Amino acid sequence: MRKILIVDDEEKIRKVLVSYLEKEGYATLEAANGTEALKLFNEEAPDFVILDLMLPDVSGETVCQRIRGQSPVPILMLTAKISEGSRIEGFALGADDYVIKPFSPREVVARLKAILRRSNQDLLASRISYRDGELMIDTDRKEVLIRGEAVSLTPAEFKLLLILARHPDRSFSREELIEKAFGMSYMGDDRIIDQHIKNLRQKIEPNPKKPQYIMTVYGFGYRFTSKE
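Residues numbered from 1 in each chain as written. Predicted model: local features only at pLDDT ≥ 70, side-chain atom pairs only at ≥ 80, totals over all residues. Heavy atoms only, no water.

- According to the UniProt record, the Subcellular location (unreviewed entry) comment for the chain is "Cytoplasm". (UniProt positions renumbered as here; feature names shortened; annotations may be inferred.)

Next comes the structure, spelled out in structure tokens:
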């Protein structure tokens, strides 16, 4: 049985999430603050963490950073901070996804299930395949094959493709892609992402002007489509 650690200083929120998660067959652990969360995490080794950012002692960002420093366990952040900068910071610290308060418990459960599915796929397969093997990404060899032929990608191009392909149909802003691919210390123009995407399309798309894999989300960024 999967064990879920719920970290939130509001008891009402914890109880609602416990109710929904236990109905879905998950075991639950509760922490009302960051100190208790880290203690439970080390003692109980949960399979998933639902983490509020606004905690009364240790910040949610710090808790996320400490957990991520010792474990790849999936982390879903709960936040009342709606700015893009706050979301980007959360992803940079290692969060897998976020839900903005107030939220639907059903949405939290749906996001949790989706993240667990992705995590299982990433752990079980060193190859990511799309369109009956037309595009193959070998994560061990850091190699990309198009219709069985190896394609030469730069390290930055490979990182970006892997980030997008591991989260099909999810839209990423340019800022998020920069944080995930190059880290928070990157100080250049975020439009560098556009050039990397252009180069990727030239290498992996049958027709770069009508892309099948990497789609533009106008005014925002990019997403990888898994649909035919």
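Moving on from the coordinates now.
1. Examining the pattern of salt bridges
Step number 1: All told, the structure shown has 13 salt bridges when counted by the stated rule.
Step number 2: Linking Lys101 and Asp8 is a salt bridge whose minimum nitrogen-to-oxygen distance equals 3.0 Å. Of this pair, Lys101 sits in the loop between β5 (97-100) and α5 (105-124) while Asp8 sits in the loop between β1 (3-7) and α1 (11-23), and the two are 93 residues apart along the sequence.
Step number 3: Here the salt bridges share partners, and the residues they tie into one network are Asp8, Glu10, Asp52 and Lys101. (Salt bridge = Lys/Arg side-chain N within 4 Å of Asp/Glu carboxyl O. Helix = DSSP H or I, 4+ residues; strand = E, 2+ residues; numbered from the N terminus.)

2. Concerning the pairing of strand β3 (residues 48-52)
Step number 1: Most of β3 is tucked away: five of the five residues are buried.
Step number 2: Burial along β3 is two-sided: Phe48, Ile50 and Asp52 facing one way and Val49 and Leu51 facing the other are all buried.
Step number 3: Where β3 and strand β4 (residues 75-79) come together, four bridges link them in parallel fashion. In the sheet register, Ile50 faces β4, and the bridge partner there is Leu76.
Step number 4: Each parallel crossover has a hand, and the one from β3 via helix α3 (residues 60-68) to β4 is right-handed. (Buried < 20%, exposed > 50% of the residue type's maximum accessible area, 1.4 Å probe, protein only. Pairing = 2+ DSSP bridges. Right-handed = clockwise from strand over helix to strand, strands pointing away.)

3. Examining the packing of helix α2 (residues 34-44) against α3
Step number 1: The contact between α2 and α3 brings their axes to 10 Å, and the two run at 15°. Looking at the two axes, α2 sits roughly parallel to α3. Regarding α2 and α3, the two cross each other, and that crossing is right-handed. Taking contact as the criterion, the partners of Gly34, Ala37, Leu38 and Phe41 in α2 are, on α3, Val63, Arg66 and Ile67. (Axes fitted to C-alpha atoms, helices over the stretch in contact; angles between N-to-C directions. Parallel < 35°, antiparallel > 145°, perpendicular 65-115°, else oblique. Left-handed = near helix turned anticlockwise from the far one by under 90°. Contact = heavy atoms within 4.5 Å.)

4. Brief notes about the pairing of strand β12 (residues 221-224)
Step number 1: Two strands pair when backbone bridges link them, and strand β10 (residues 171-173) and β12 are joined in this way by three bridges, in the antiparallel orientation. Across the sheet, the residue bridging to Ser171 is Arg223, located in β12.
Step number 2: The sheet contact formed by strand β11 (residues 214-217) and β12 spans four bridges and is antiparallel. Considered in β12, the bridge of Met215 is made with Arg223.
Step number 3: Where β11 folds back onto β12 in an antiparallel hairpin, the turn is made up of three residues, including Gly219, whose phi is positive at roughly 75°.

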